[in-house]
Amino acid sequence: MTDGGRFDRLRLDGVTRRFGGSDALAGLDLTIERGEFITLLGPSGCGKSTALNCLAGLLPLTRGSIWRDETRLDTLPPEQRGFGMVFQNYALFPHMSVRKNIAFGLRMRRVARAEVRRRTEEAIRLVHLEAHADKLPGQLSGGQQQRVAIARAVVVEPSLVLMDEPLSNLDAKLRLEMRTEIRRLHQSLGLTTVYVTHDQEEALSMSDRLVVLRAGRVQQIGTPEQVHTRPANRHIADFMGFRNLLPVRVAEQAGDGVVVDGGGLRLTGSPVGGIGPGEPAVAAIRPEDVRIADQPGGGVEVTVEVVEYQGRELSAEVRTGDGVPLHLRTTRRLAPKDRIEIVLDPARLLVFPAEPDGAP
Amino acid sequence: MTPVAFRHRLAERGIDAQLLLLGPAAVFVAALFVYPFCYGIAVSLQPVEGGPFAAYQAFFRDAYQRDTIATTLRIALPAALLNVLASVPIAYRMRGRFRGKRVLTTVLVVPITLGTVLTAEGLLNFLGPTGWFNRVLLALGVVDAPVTLTHNYWGVFLSLVITGFPFAFLLVSSYLSGIDPSLEKAGAVLGAGWAQRFFRITLPLLAPGLATTFCLTFVLAFSVFPSAILVGDPSGTTRVISIAAYEAAYVRYDYAGGAAAAIIMGLVELVVIGVVLGLRSLLYTGSTAGGKG
């Protein structure tokens, strides 16, 4: 059994897992430093849960290797890796009390009885479940079960904590609370965490680094800010909230930027990846970066079609004269059939090379 | 109160037209179980001579009759226990999906379709003094004289295992498949080896199902009749209680005695089931899921 915490880096080297004839995960290379909070992000079926299960040892690798410093891990069974894991459905032992659930990992490690008691009580306090320690999991609410699962995973002081979409079964308010709670535990206990989610907001708010996956392949590894402001390709842009994706053609280079034409619009933006004049491209911009022009004559004339009330802001779908639909967010009151002029912020408009569909 | 409101109030307590769907089952149970059972009790309480309990007194006074209870228990309890215990590792290994699962399950379950008589016939041919089994043992020099496995206790025991195991296996498999597989995964990540995972996680969740399975296979084994005669020793070591009932009713034409033996048989079964279910209630019997789905 490995002692938790004492390692410098965890290295995934070309980790590949095939199911049937296709790669669920293809050649994942990733180095995780101690103390990092890494999120594997992607739509369902992208291979993020496969990656997590490979790390935990619950799925054998088809190719590749996993190393903790100089120790090879992928040949060890899960019980010898010394990790903690929080499952999507929590996987609490239904026949054991909260206290016994949390103590389970310590008892498996043959920790002395008094030490088991001390650390279990500490973990129960950590997740504020003192009043429920003798209840069975079935008697707890979803959020409480979630906290038991987290306590059970961290009480063994694992070298790595794996979390498989742990918040997806909670309601919106609790999800926000637990998000903060998980990040707080990560920091105060000095954990190293690999977190899997399909929720980009969750990923951005919690992580030190994001690994964006699509169809089993890594699309981008970077800080939340890098992934948020400069997605590596149009698929990530789509996933990261660039709701307006317009097929365009590059007209000319303009300094650092490019000018593109499409759907009767002429737009300026910054290119991501090499694209030259005349080539097909995709222009991407978030709804919140589409502004309503201050004075007439300044922008593109559009007609409002659908308005959704979203509290402080409105979300609207508008259509240009040439029939190109665009989404925008605004604090101004709009009504369907209003005619307005909009401006697309050139600094926030990204231009990606158009790829044939299905290419990564 | 309007009739509509009244109907709503009844429906809230589960009384509505759908209740009529229970009709056929109720008729069935009444005609095929309750009536014959009460009739049996009545017959057993009307012996030709003596008071109402004379047939019971006669049963317990005569060691030849009384001992059938112990004889039957000696066969049925170990057979039921073996059926349950043998199905656990096999069903455990066969969880999840793998190639050939359907074929293997079919092979394990086929004996259910064989009648007791066919099983007995096969046992006599296979395990008899000149059967393959003994011929192989003799040829290998393991034994000097054929081993006697038919027309005694072992013949009946084996026959009960062959016909009872498929039941136990099917039941245990379905109980096992109801246990959330992520629980064992969680156990593994937390450092539990396979034995700890099995004994601390799976077995406690499976135990109530094993108790139920035991009860069902026990009842099947306790009412053994054809194989006790065909591959057993019906006048000695395998003179089970159903033989006693049969002889009383159809050899001696003592209907009260036969009915009394049958009622006693039912009571013994009830006691065993009561004990097992009593023990079962001490176990954790709640959900076997690991949390929200």
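Use the structure listed above.
These remarks concern the structure in this document. (Residues numbered from 1 in each chain as written. Chains lettered and ligands numbered in written order. Predicted model: local features only at pLDDT ≥ 70, side-chain atom pairs only at ≥ 80, totals over all residues. Heavy atoms only, no water.)

## Brief notes about the overall build of chain A
Link 1 in the chain: If you tally the helices and strands in chain A, you get 8 helices and 20 strands.
Link 2 in the chain: By its C-alpha atoms, chain A is 75 × 45 × 35 Å across when sized along the principal axes.
Link 3 in the chain: A total of 360 residues make up chain A; the buried ones form 52% of that total.
Link 4 in the chain: A separation threshold of at least 6 residues defines the contact pool for chain A, and within that pool the share at least 24 residues apart is 67%.
Link 5 in the chain: Of the accessible surface of chain A, which amounts to about 16000 Å², a share of 47% is contributed by carbon and sulfur atoms.
Link 6 in the chain: For chain A, the distance from the average position of its 47 positive side-chain charges to the average position of its 46 negative side-chain charges is 7 Å. (Helix = DSSP H or I, 4+ residues; strand = E, 2+ residues; numbered from the N terminus. Buried < 20%, exposed > 50% of the residue type's maximum accessible area, 1.4 Å probe, protein only. Contact = heavy atoms within 4.5 Å. Areas by Shrake-Rupley, 256 points an atom, 1.4 Å probe, with all protein chains shown as cover. Lys, Arg positive; Asp, Glu negative; His and termini not counted. Charge placed at Lys NZ, Arg CZ, Asp CG, Glu CD.)

## Some thoughts on the nonpolar core
Link 1 in the chain: Residues A:Leu10, A:Leu12, A:Leu55 and A:Leu162 are the most contacted members of the largest nonpolar core, which totals 90 residues.
Link 2 in the chain: Here this core takes 11 residues from helix H10 (residues 194-222) of chain B, the largest share from any one element.
Link 3 in the chain: Every residue in contact with A:Leu10, bar those within four places of it in the chain, is listed here: A:Leu30, A:Thr31, A:Ile32, A:Leu55, A:Trp67, A:Arg68, A:Leu73, A:Phe83 and A:Leu160.
Link 4 in the chain: In terms of nonpolar packing, the next biggest core, distinct from the first, is built from 33 residues, A:Val86, A:Val127, A:Ala133 and A:Leu191 among them. (Core = buried A, V, L, I, M, F, W, Y, C linked by side-chain atoms within 4.5 Å.)

## Some thoughts on the interface of chain B and chain A
Link 1 in the chain: In this complex, chain B contributes 27 residues to the contact, which on the side of chain A involves 28 residues.
Link 2 in the chain: Summed over the shared surface of chain B and chain A, the number is 1 salt bridge.
Link 3 in the chain: Residues B:Arg197 and A:Glu79 are paired through a salt bridge, measuring 3.3 Å at the closest nitrogen-oxygen approach.
Link 4 in the chain: There are 7 residue pairs in polar contact (both at pLDDT 80 or more) connecting chain B and chain A.
Link 5 in the chain: Counting only elements with at least two residues in the side of chain B that touches chain A, the list comes to helix H9 (181-189) and H10 of chain B.
Link 6 in the chain: Its residues assigned to classes, the side of chain B that touches chain A comprises 12 nonpolar, 10 polar and 5 charged. (Salt bridge = Lys/Arg side-chain N within 4 Å of Asp/Glu carboxyl O. Polar contact = N/O pair within 3.5 Å; in protein donor to acceptor, adjacent residues only side chain to side chain. Nonpolar A, V, L, I, M, F, W, Y, C, P; charged D, E, K, R; others polar.)

## A closer look at the pairing of strand E11 (residues 244-254) of chain A
Put simply, side chains in a regular strand alternate between the two faces of the sheet.
Residue and element names in this part refer to chain A.
Link 1 in the chain: Bridge analysis of E11 against strand E14 (residues 280-285) gives 6 bridges, and the strand direction is antiparallel. By the bridge assignment, Leu246 is partnered in E14 with Ala283.
Link 2 in the chain: Across 5 bridges, the pairing between E11 and strand E12 (residues 257-262) is antiparallel. Across the sheet, the residue bridging to Ala254 is Gly257, located in E12. (Pairing = 2+ DSSP bridges.)

Remember, this is a structural readout, not a statement about activity or role.
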